[in-house]
Amino acid sequence: MPAPSVWDGSFNRRKSDRVSPSQPGAPAADARVRRVVLVESDQYYREVLTVELLRQGFVVHAFVDGASLLGSLATAVDADLVVLDWDLANSPGVKLLAELRRHGINLPVVFLTGKVIATKQHERCVLAPRDALNAYECMAFDQGAVDFIPKSRDREVLVRRLRSVVELVKLKAELPSQEGLACGKLLLRPQTSRAFWNGVDVGLTLGEYNIVRLLASNVGRYVTYRAIYDRLHYEGFIAGTGNDGYRANVRTAIKRIRNKFHSCDPTFDEIENYTGFGYCWRKPD
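If you're wondering where the values come from, they're calculated on a predicted model, not measured in any experiment.

**Student:** When you look at the pattern of salt bridges in this model, what are you seeing that I'm missing?
**Tutor:** Proximity of charged atoms lets side chains of opposite charge pair with each other. All chains considered together, the criterion is met by 17 salt bridges. Residues Glu 52 and Arg 55 are paired through a salt bridge, measuring 2.7 Å at the closest nitrogen-oxygen approach. On the criterion of helical spacing, the pair formed by Glu 52 and Arg 55 is a turn pair, its members being three residues apart in helix H1 (residues 43-55). We classify Arg 55 as exposed; its relative accessible area is 53%. Across the pair Glu 272 and Arg 282 runs a salt bridge, and its minimum N-O distance is 2.7 Å. Of this pair, Glu 272 sits in strand S13 (residues 271-274) while Arg 282 sits in the segment after strand S14 (278-281); the two residues are 10 residues apart in sequence, bridging distant segments of the chain. Put simply, Glu 52, Arg 55, Glu 156 and Arg 160 are held in one network by salt bridges that share partners.

Below is the structure:
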């Protein structure tokens, strides 16, 4: 299978080895180094995005398709973030995400969507219709993605968003380990981001776990839609249609969470809704 390409800022040559601090154009070695796996089937966009990632201090492992990445899983294990093209040439990016999870790769995943068409004068991005784009976005979050970004976004801003994701993940990893949080039949294990109900692993995604932990940490008190959405992604993240479009994504996430708990216990009824405000984890009897 093709070796991963690591971009060095030149449009005429690639290296199959990881960029290291001793190589020209590589970011300086320090504790803030960020390693990203990029799977993008469009050569032009793969190249220009890699250049911007390198400019902002990332070490980049770029692949043309899912098969190439799956043939070099050791690269992914060593990364901080995986960035996937939603419309990969041979297989949808969401299927590649499922494959990575089956191989035990639990890194945060960000999807990019759209087709960038470049000319000598300018470039434009062709996106799916709004309804389809919303459906894709919901599907991405349902599968555990942490962000879904149109390629029409300015690349400098896009990479800054990726950097925020990495920094949040690293901050969580640096926090001192905590004992499990128990709330009635619920037990949360922060070290592994797993939730158990009556001793059974509920099978939550990282985003779903974060929501349950937020609600259970505020047992008996209502938490706003906005606060829940910020915990699902990160503070200030915007998605959905309209100023309150994020509420639909929160309702969808809560529905998934309830269904997973119902699979463990059909009598589960701990999450209450205050219409127009938010949700509450019911106090144990």
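**Student:** In this structure, what is going on with the packing of helix H7 (residues 206-217) against helix H9 (residues 246-264)? I would like to understand it.
**Tutor:** Relative placement of two packed helices is described by the angle separating their axes and the distance separating the axes. Running from N to C, H7 and H9 point in directions that differ by 85°, and their axes come no closer than 10 Å. In this view, H7 runs roughly perpendicular relative to H9, as classed from their interaxial angle. Residue-level inspection shows Glu 208, Ile 211, Val 212 and Leu 215 of H7 in contact with H9, the latter providing Ala 253, Ile 254, Arg 256, Ile 257, Lys 260 and Phe 261. Residues of the contact of H7 with H9, tallied by class, amount to seven nonpolar, no polar and three charged.

**Student:** Would you mind going over the packing of aromatic side chains with me for this structure?
**Tutor:** Two aromatic rings are characterised by how far apart their centres lie and by the angle between their planes. Summed over all chains, the structure comprises 12 aromatic pairs. An angle of 80° between the planes, with centres 5.5 Å apart, marks the rings of Trp 86 and Phe 148 as edge-to-face. Taken together, the residues Trp 86 in the loop between strand S3 (81-85) and helix H4 (93-102) and Phe 148 in strand S7 (residues 147-150) connect sequence positions 62 residues apart. A residue is classified by how much of its surface remains accessible, and Trp 86, at 5% relative accessible area, is buried. Judged by its relative accessible area of 5%, Phe 148 is buried.

**Student:** Just checking my understanding: could you explain the nonpolar core for this structure?
**Tutor:** Nonpolar side chains tend to gather and get buried jointly when the protein is soluble and globular. Phe 111, Leu 186, Leu 215, Phe 261 and Trp 281 are the most contacted members of the largest nonpolar core, which has 52 residues in total. In this view, Phe 261 contacts Leu 186, Trp 197, Val 202, Leu 204, Val 212, Phe 268 and Trp 281; residues no more than four positions away in its chain are not counted. In terms of nonpolar packing, the next biggest core, distinct from the first, is built from 22 residues, Tyr 45, Leu 49, Leu 54 and Ile 149 among them.

**Student:** Help me out: how do you make sense of the sheet that holds strand S1 (residues 34-39) in this one?
**Tutor:** Within a sheet, each strand pairs with its neighbour through backbone hydrogen bonds, oriented either parallel or antiparallel. Read from one edge to the other, the open sheet built from five strands follows the order S2-S1-S3-S4-S7, with strand pairing classed as parallel. Only two strands of the sheet have a single neighbouring strand rather than two, namely strand S2 (58-63) and S7. Direction aside, the axes of adjacent strands within the sheet are offset by 20° on average. Strand direction decides the pairing type here: strand S4 (residues 109-113) and S7, joined by four bridges, are parallel. When the sheet's bridge partners are listed, Phe 111 is paired in S7 with Phe 148. Strands S1, S2 and S4 of the sheet are contacted by H1, whose axis makes an angle of about 165° with S2. Its contacts with the sheet place helix H5 (residues 130-142) against S4 and S7, and it is angled at close to 150° to S7.

**Student:** It is not clear to me how empty space enclosed by the protein should be interpreted in this structure. Could you clarify?
**Tutor:** Which parts of space are left empty comes out when a probe the size of a water molecule is rolled across the atoms. For the structure on display, the rule yields one cavity of 30 Å³ or more. Lining the largest cavity, in full, are Cys 138, Phe 141, Asp 142, Leu 232, Asn 249, Thr 252, Ala 253 and Arg 256. Considering each element in turn, the lining of the largest cavity owes the most residues, four residues, to H9.

**Student:** Would you explain the pairing of strand S9 (residues 186-189) in this entry?
**Tutor:** Each regular strand shows side chains that alternate between the opposite faces of the sheet. Side chains of S9 alternate between two faces, with Leu 186 and Leu 188 buried and Leu 187 and Arg 189 left unburied. Bridge analysis of strand S8 (residues 181-183) against S9 gives three bridges, and the strand direction is antiparallel. Each bridged residue has a counterpart across the sheet, and for Leu 181 the counterpart in S9 is Leu 188. Between the end of S8 and the start of S9, which pair antiparallel, lie two residues, with Gly 184 showing a positive phi angle near 65°. Sheet analysis places S9 next to strand S10 (residues 194-197), joined by four bridges and oriented antiparallel. Paired with Leu 187 across the strands is Phe 196, a residue of S10. Counted between consecutive antiparallel strands, the loop separating S9 from S10 contains four residues, among which Ser 193 sits at a positive phi close to 55°.

**Student:** I'm lost on the sheet that holds strand S11 (residues 200-201) in this one. Help?
**Tutor:** Spatially, four strands are ordered S8-S9-S10-S11 in an open sheet, and the strand pairing comes out antiparallel. Only two strands of the sheet have a single partner each, and these edge strands are S8 and S11. Relative to the sheet, H7 contacts S8, S9 and S10, its axis offset from that of S9 by approximately 120°.

The rules we used
Residue numbers here run from 1 along each chain, matching the order of that chain's written sequence. With the structure being a predicted model, the display of local features is reserved for residues of pLDDT at least 70 and the display and counting of side-chain atom pairs for 80 or more, all residues being used for whole-chain, interface and lining totals. With hydrogens and water stripped out, all remaining heavy atoms of the structure feed into the side-chain values. Any carboxyl oxygen of Asp or Glu within 4 Å of a side-chain nitrogen of Lys or Arg constitutes a salt bridge here. Helix and strand definitions follow DSSP, with helices as H or I runs of at least four residues and strands as E runs of at least two, each counted in order from the N terminus. Relative accessible area decides the class of each residue, using a 1.4 Å probe on protein chains only: under 20% of the type maximum gives buried, over 50% gives exposed, and in between gives partly exposed. Here an angle of 0 to 180 degrees is reported between the N-to-C directions of two axes, which are lines fitted to C-alpha atoms, with helices fitted over the stretch in contact. For this classification, under 35 degrees means roughly parallel, over 145 means roughly antiparallel, 65 to 115 means roughly perpendicular, and everything else is oblique. Residue contacts follow a heavy-atom distance rule, with two residues in contact if any of their heavy atoms lie within 4.5 Å. For this classification, the nonpolar set comprises Ala, Val, Leu, Ile, Met, Phe, Trp, Tyr, Cys and Pro, the charged set comprises Asp, Glu, Lys and Arg, and every other residue, Gly included, is treated as polar. In this scheme Phe, Tyr and Trp rings, the latter by its six-membered ring, pair at centre separations within 6.5 Å, and the angle between planes marks the pair as stacked below 30 degrees, edge-to-face above 60, and tilted otherwise. The term nonpolar core refers to a set of buried residues drawn from Ala, Val, Leu, Ile, Met, Phe, Trp, Tyr and Cys, joined through side-chain atoms within 4.5 Å. Should DSSP find at least two bridges between two strands, the strands are taken to pair. A 1.4 Å probe that fits into a set of points on a 1 Å grid over the protein atoms alone but cannot get out defines a cavity; an open set with protein on both sides within 12 Å along at least five of seven lines defines a pocket, and lining residues are those with an atom within 4 Å of a point. Grid points are joined across faces, edges and corners, and a volume is the space filled by probe spheres set on the points.

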